[in-house]
Amino acid sequence: MRVVGIIAEYNPLHNGHIYHLERARQLSGADYCIVVMSGNFAQRGEPACADKFLRAEWAVRAGADLVLELPSVYAVASAERFALGGVRTLLGTGVVTDLAFGCEAQDIGLLRRLSEILITEPPRFREALHRHLSFGKAYPRARRDALCDYGVSPDMLDAIEKPNNILALEYLRALNACAPDVRALPITRIGSGYHDQTLSGTLSSATAIRKSLDSGDTAVLEAMPVFVGGALLYDRKYPITERHFSSMLLYALRTMPPEAIAALPDVGEGFENVISRAAKRAVTLDAFYAEIKSKRYTLARCKRIAVNAMLGITAEQAYATIRAHDSVYLHALAFSGASRGLLSEIGKRRVAPLILRHSDIGACPPLTQQNLRTDALATDLFAIASESDLRRDSSGPVIV
């Protein structure tokens, strides 16, 4: 049995994702497809456009057999932690044979050569990386400049600045560390660029799609399946945006003392004082971010810090999760009626708890229970923001 895994956000699911799902099945020859999907908050520190249960249902309707939740402690994190969490969750099933992921690179060999440098960290590259970090640069910029000093080709330098390539490199690193026997299947992105702001027909970027949904532009329907576009454009409670969480985020940050902010992931070097002062002054979330973002603390990093504060995720929790091999769990959000054979095989071969109902949580290790409580809190807060009843964390996954 071949099973292809995909790590995704589907924020929202669009035609490019459907192409990726179809190519993943074709290239792998898989009998089943498992998607590990971020929950109610995305990797860039923003709320998803719709709740995790609805997005998981979309994924199954688009061709996935099973959708598992990427724990919040991994989902709202840097590309490295996001990729590691996704790969670990897939491995926890005990059945995944292939990992399919998108990238901008036409030359897949280029990504493999880059990943080899990042995995082995030759002394000259490592020294250059430490030097650029000491200049106060954000890690992605420091890594790019260190690679330049190391003497990689211009094509490699261009590749490492593309969003999908960045995640692709982290997937390759995670596979090398955790699952060298799982086959990597890079799929070159088609259509518009990741950051494109305007619609470009049937293969528009998620960025352009979210922007168009927010403005109510009906032209966006061309870029998504009807079961996605109809819900997001014509149901008044969608799409969910940062505006829905502005008060919650500012409240969380204003009520935290600096030492508690310092304990959040990715906060260091006195940055907690900058955050604390800005949170007390800012009356809007945009104003808060404008005051704290910098060369070292990018906007995405600042947004992740704020969401971690709201969800109560500490650096200790995050790093304990990374260190503990028994912290992986398989929280099923949705599965197809035709996936009974897959679930049966996972039941036999899994190396992590399978969470199908609330009663399954009691047998999990304490750290897993803590991470599940964090996921449940994210659902509770999302329910408040969207004025929806999202009690499926207790009632079980969606069967499509």
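Residues numbered from 1 in each chain as written. Predicted model: local features only at pLDDT ≥ 70, side-chain atom pairs only at ≥ 80, totals over all residues. Heavy atoms only, no water.

*Asks:* Explain the pairing of strand β3 (residues 66-70) to me, using residue names and the numbers behind them.
*Replies:* Most of β3 sits out of view: five of its five residues are buried. Across five bridges, strand β2 (residues 32-38) lies against β3 in parallel orientation. When the sheet's bridge partners are listed, Met 37 is paired in β3 with Glu 69. Once the chain exits β2 it traverses helix α2 (residues 52-61) before rejoining the sheet at β3, and the crossover so formed is right-handed. (Buried < 20%, exposed > 50% of the residue type's maximum accessible area, 1.4 Å probe, protein only. Helix = DSSP H or I, 4+ residues; strand = E, 2+ residues; numbered from the N terminus. Pairing = 2+ DSSP bridges. Right-handed = clockwise from strand over helix to strand, strands pointing away.)

*Asks:* So, the packing of aromatic side chains: which residues are in play, and what are the values?
*Replies:* Two aromatic rings, taken as a pair, are described by how far apart their centres are and by the angle between their planes. Taken as a whole and judged by the stated rule, the model has seven aromatic pairs. Aromatic side chains Phe 41 and Phe 245 sit 5.1 Å apart centroid to centroid with 70° between the ring planes, which places their arrangement in the edge-to-face category. Of this pair, Phe 41 sits in the loop between β2 and α2 while Phe 245 sits in the loop between α11 (226-234) and α12 (246-254); the two residues are 204 residues apart in sequence, bridging distant segments of the chain. An identical accessibility class is assigned to Phe 41 and Phe 245; each is buried. On the basis of an interplanar angle of 85° and a centroid distance of 6.4 Å, the ring pair of Phe 41 and Phe 382 is categorised as edge-to-face. Here Phe 41 is found in the loop between β2 and α2, whereas its partner Phe 382 is found in helix α19 (residues 366-386), with 341 residues between them in sequence. (Phe/Tyr/Trp six-rings, centres within 6.5 Å; stacked < 30°, edge-to-face > 60°.)

*Asks:* Could you give an account of unusual backbone geometry, with specific residues and numbers?
*Replies:* The peptide bond linking Asn 11 to Pro 12 adopts the cis configuration, its omega dihedral lying at 0°. Considering the arrangement of structural elements, one finds Pro 12 in the loop between β1 (3-8) and α1 (15-28). Cis rather than trans, the peptide bond between Tyr 238 and Pro 239 has omega equal to -5°. Relative to the helices and strands, Pro 239 is located in the loop between α11 and α12.

*Asks:* Kindly report on empty space enclosed by the protein, identifying the contributing residues and their values.
*Replies:* Under the definition given, this model contains three cavities of 30 Å³ or more. Taken as a whole, the largest cavity spans an internal volume of roughly 40 Å³. What lines the largest cavity is Val 87, Leu 90, Leu 91, Val 96, Leu 99, Leu 175 and Val 182. With three residues, helix α4 (residues 79-92) is the largest single contributor of residues to the lining of the largest cavity. Here the second largest cavity defines a volume of roughly 40 Å³. Lining the second largest cavity, in full, are Phe 41, Gly 45, Glu 46, Pro 47, Glu 242, Phe 245, Leu 249, Tyr 289, Val 307 and Met 310. Its residues placed into classes, the lining of the second largest cavity shows seven nonpolar, one polar and two charged. (1 Å grid on protein atoms, 1.4 Å probe; cavity = no way out; pocket = protein on both sides within 12 Å on 5 of 7 lines; lining within 4 Å. Points joined across faces, edges and corners; volume = space filled by probe spheres on them. Nonpolar A, V, L, I, M, F, W, Y, C, P; charged D, E, K, R; others polar.)

*Asks:* I'd like a rundown of the layout of surface pockets, residues and numbers included.
*Replies:* What the second largest pocket holds in volume is close to 650 Å³. As for the second largest pocket, its lining consists of 25 residues, of which Glu 46, Arg 210, Thr 241, Glu 242 and Lys 303 are closest to the centre. In terms of residue count, the dominant contributor to the lining of the second largest pocket is helix α10 (residues 206-215) (five residues). Looking at the lining of the second largest pocket, its residues break down into nine nonpolar, seven polar and nine charged.

*Asks:* Can you break down the nonpolar core residue by residue, with the values?
*Replies:* Core analysis: the biggest nonpolar cluster contains 132 residues, and Ile 34, Val 35, Phe 245 and Phe 288 have the highest contact counts within it. In contact with Phe 288, other than residues within four places in its own chain, are Leu 250, Leu 253, Ile 275, Ala 278, Ala 279 and Ala 282. Core analysis: the second largest hydrophobic core is formed by five residues, Tyr 329, Ile 361, Cys 364 and Leu 372 among them. (Core = buried A, V, L, I, M, F, W, Y, C linked by side-chain atoms within 4.5 Å. Contact = heavy atoms within 4.5 Å.)

*Asks:* Go over the pattern of salt bridges, please, and point to the residues and values.
*Replies:* Counted by the stated rule, this structure contains 22 salt bridges. Note that Arg 2 is salt-bridged to Asp 98, the shortest N-O span being 2.9 Å. Linking Arg 2 in the segment before β1 with Asp 98 in strand β4 (residues 98-103), this pair joins segments that are 96 residues apart in sequence. For Arg 2, a relative accessible area of 33% corresponds to the partly exposed category. The shortest N-O distance in the salt bridge between Lys 137 and Asp 145 comes to 2.7 Å. Under the relative-accessibility criterion, Lys 137 is labelled buried at 17%. The class for Asp 145 is buried, based on a relative accessible area of 10%. (Salt bridge = Lys/Arg side-chain N within 4 Å of Asp/Glu carboxyl O.)

*Asks:* Could you give an account of the environment of Asp 65, naming the residues involved and the relevant values?
*Replies:* Structurally, the position occupied by Asp 65 is in the loop between α2 and β3. Within polar-contact distance, the side chain of Asp 65 engages the side chain of Arg 25 at 2.5 Å. (Polar contact = N/O pair within 3.5 Å; in protein donor to acceptor, adjacent residues only side chain to side chain.)

*Asks:* Provide a residue-level description of the side chain of Asp 51, including the pertinent values.
*Replies:* Structurally, the position occupied by Asp 51 is in the loop between β2 and α2. Here Phe 53 takes part through its backbone nitrogen, which lies 2.9 Å from a polar atom of the side chain of Asp 51. Of the polar contacts made by the side chain of Asp 51, one reaches the side chain of Tyr 238; its length is 3.3 Å.

*Asks:* Requested: an account of α4, with residues and values cited.
*Replies:* The end-to-end C-alpha distance of α4 is 20 Å, a good match for the 20 Å that 14 residues give at a rise of 1.5 Å each. For α4, the tally of buried residues reaches 12 of 14 residues, placing the bulk of the element in the interior. Taken as a whole, α4 has its buried residues at Ala 79, Arg 81, Phe 82, Ala 83, Leu 84, Gly 85, Gly 86, Val 87, Arg 88, Thr 89, Leu 90 and Gly 92. (Expected span 1.5 Å × (residues − 1).)

*Asks:* Any chance you could break down the packing of α4 against helix α9 (residues 163-178) for me, citing the residues and the numbers?
*Replies:* Contact geometry of α4 with α9 gives a least axis separation of 8 Å together with a crossing angle of 50°. With respect to α9, the axis of α4 lies oblique. Considering how the two elements wind past one another, α4 and α9 form a crossing that is right-handed. In this structure, α4 contributes Ala 79, Glu 80, Phe 82, Ala 83, Leu 84, Val 87 and Leu 91 to the contact, and α9 contributes Ile 166, Leu 167, Glu 170, Tyr 171, Arg 173, Ala 174, Leu 175 and Cys 178. The residue makeup of the contact of α4 with α9, split by class, is 12 nonpolar, no polar and three charged. (Axes fitted to C-alpha atoms, helices over the stretch in contact; angles between N-to-C directions. Parallel < 35°, antiparallel > 145°, perpendicular 65-115°, else oblique. Left-handed = near helix turned anticlockwise from the far one by under 90°.)

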